[in-house]
Every structure is written in structure tokens, then in C-alpha cells.
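# A structural walkthrough
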Amino acid sequence: MKIAIVEDEKKWQHIVKREIESYYRTNIKIDVFSTGEEFLEKKETYQIVFMDIELPGKDGFAVSKEYTEQIAETVLIIISSHAELCRLGYRINAFRYIDKLYPEEIREALVSAGKALRRCKRIVLKFSKMKEQEVCCKDILYFEAANHNVRVKIGQDVFECREKIGKLAGTLEEFGFCLVHRGYLVNLDHIKLVGSKEIILDNGDKIPISRRRYSDLKIRHIQWRFENANA
């Protein structure tokens, strides 16, 4: 996990860094920048960026816009002492806005950012008659067993992959996928309705549910929705 703090006040550099280290404890790399120009010159990919609005030189909005145009999947968290500016965050697709009067919000932002990143996890799939492709988990609706391979539904397209559905289920469970039938592995984010015999996805597709997996699916779906409601 790589995290950037773009903040010119030493006090706030320390506060944000302390909260990040307290939350993650291990396996993180934190880079601190005092100006937006210094941050952009680094040309580094960060999973999470804490961005102050009021910076010397380019302001945080301009820096964020330039950065996210290149690194679209970064979780951008705006920090400022001017709450009235938070409404402008939509222009740069900010994930969270933290008022400097409430530093305790940093931890909640980290929790929610982790959930958002989990949804954006990228996996490599071995498509038939194609090279290996990297795919974002949130774009996958479901996998369907097909002989010794699987079909994967991504948006309106269906691709065949040289994968085993059981192996995929073990790998993708923590990223919001659930085996609802021995032949179907479904993304919980795309479930619109859970019926007694089938589920309906947000694109209208209907997937059968096996009787023995129904209760587990209901529990997992409710829990996933609850845990990720604000992510």
C-alpha cells in the first residue's frame, strides 16, 4: 500500500502520517510532499492521496485534477480548514473531505478507502484465444462454469477464460464474490434482488441459486451491503 500526503503544514503532515501508521501498522509506504509540484514530479502511483487544498503554488484542486487524469483509480481524500470548499470536491471526484477541525475523521476515511480499493482490485484472467488481461473486479458481474473453463460477464460482453470456478471462488471471496450455485460465482455489488430460487442482477440477468447456498448468500449480501454502504 502506497499513500501520499500533500500538505505544507508540518503539524498536519505529522497528524495524518500518525493516523495512517496507527491504522495500517505494517506493509505501507508513506511519502510526504509540501507542494503539489513536488508531488506531481514524483510521477508515482498511490492507492490513497491525502490532499490539502491550500498549497503554495498550484492549489490542491488543480494538483488533484492533473494527477487523477493520469491515475484514475486513486482514492483522493481532501483535507482543509475551509469546510465551505468541500462542495467543490465533486469537480475532481474526491472520495472524502476532512475538515481540519475533526482529525478523528481520518481513521473513518481510511476504513472506507480500504473498502473502495477492495472493490477496485485488479485480477489477471486467461482469456481463450487472447493474451492474459487485467480486469477490475467491480466490472465483473459473474462467472459461469462452462465445461472445463468459465465464462465471465463483464458489462454487456461475455468472454471465455481458462480458469476453474472453484479456484476463482477461493481467490475472490474477500473481494465481494459469492458462489451461489456450483456453476455460478457472482459479484455481490451487482445483485439487485435475492429471490428464493434465483437472483436478479442490476443489468437484468437472472442467476439460479442452489437451495443449500440460499441462506449463506442472504447473510453475505446483507453484510456486504452494510459494510460497503459508504465506500
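Overview of the structure. (Residues numbered from 1 in each chain as written. Predicted model: local features only at pLDDT ≥ 70, side-chain atom pairs only at ≥ 80, totals over all residues. Heavy atoms only, no water.)

Moving on to helix α5 (residues 165-172). For α5, every residue scored as buried is listed here: Ile165, Leu168, Ala169 and Leu172. Buried residues of α5, seen end-on, are gathered within an arc of 105 degrees and therefore sit on one face of the element. In this structure, α5 carries Lys167 and Gly170 as exposed residues pointing more than 90 degrees from its buried face. The inward-facing, buried residues of α5 contact β6 (122-125), β8 (140-146), β9 (149-154), β11 (177-181) and β12 (184-187). (Buried < 20%, exposed > 50% of the residue type's maximum accessible area, 1.4 Å probe, protein only. Helix = DSSP H or I, 4+ residues; strand = E, 2+ residues; numbered from the N terminus. Arc of directions from axis to C-beta. Contact = heavy atoms within 4.5 Å.)

Of the residues making up helix α3 (residues 60-68), those classed as buried are Gly60, Phe61, Val63, Ser64, Tyr67 and Thr68. Across the axial projection of α3, the buried residues extend over an arc of 165 degrees, all falling on one side. At its buried positions, α3 is contacted by α2 (36-42), β3 (48-52) and β4 (75-80). By the N-cap criterion, in which a side-chain oxygen at the helix start approaches the backbone nitrogen of a residue two or three places on, α3 is capped by Asp59, the distance to Phe61 being 3.0 Å. (Polar contact = N/O pair within 3.5 Å; in protein donor to acceptor, adjacent residues only side chain to side chain.)

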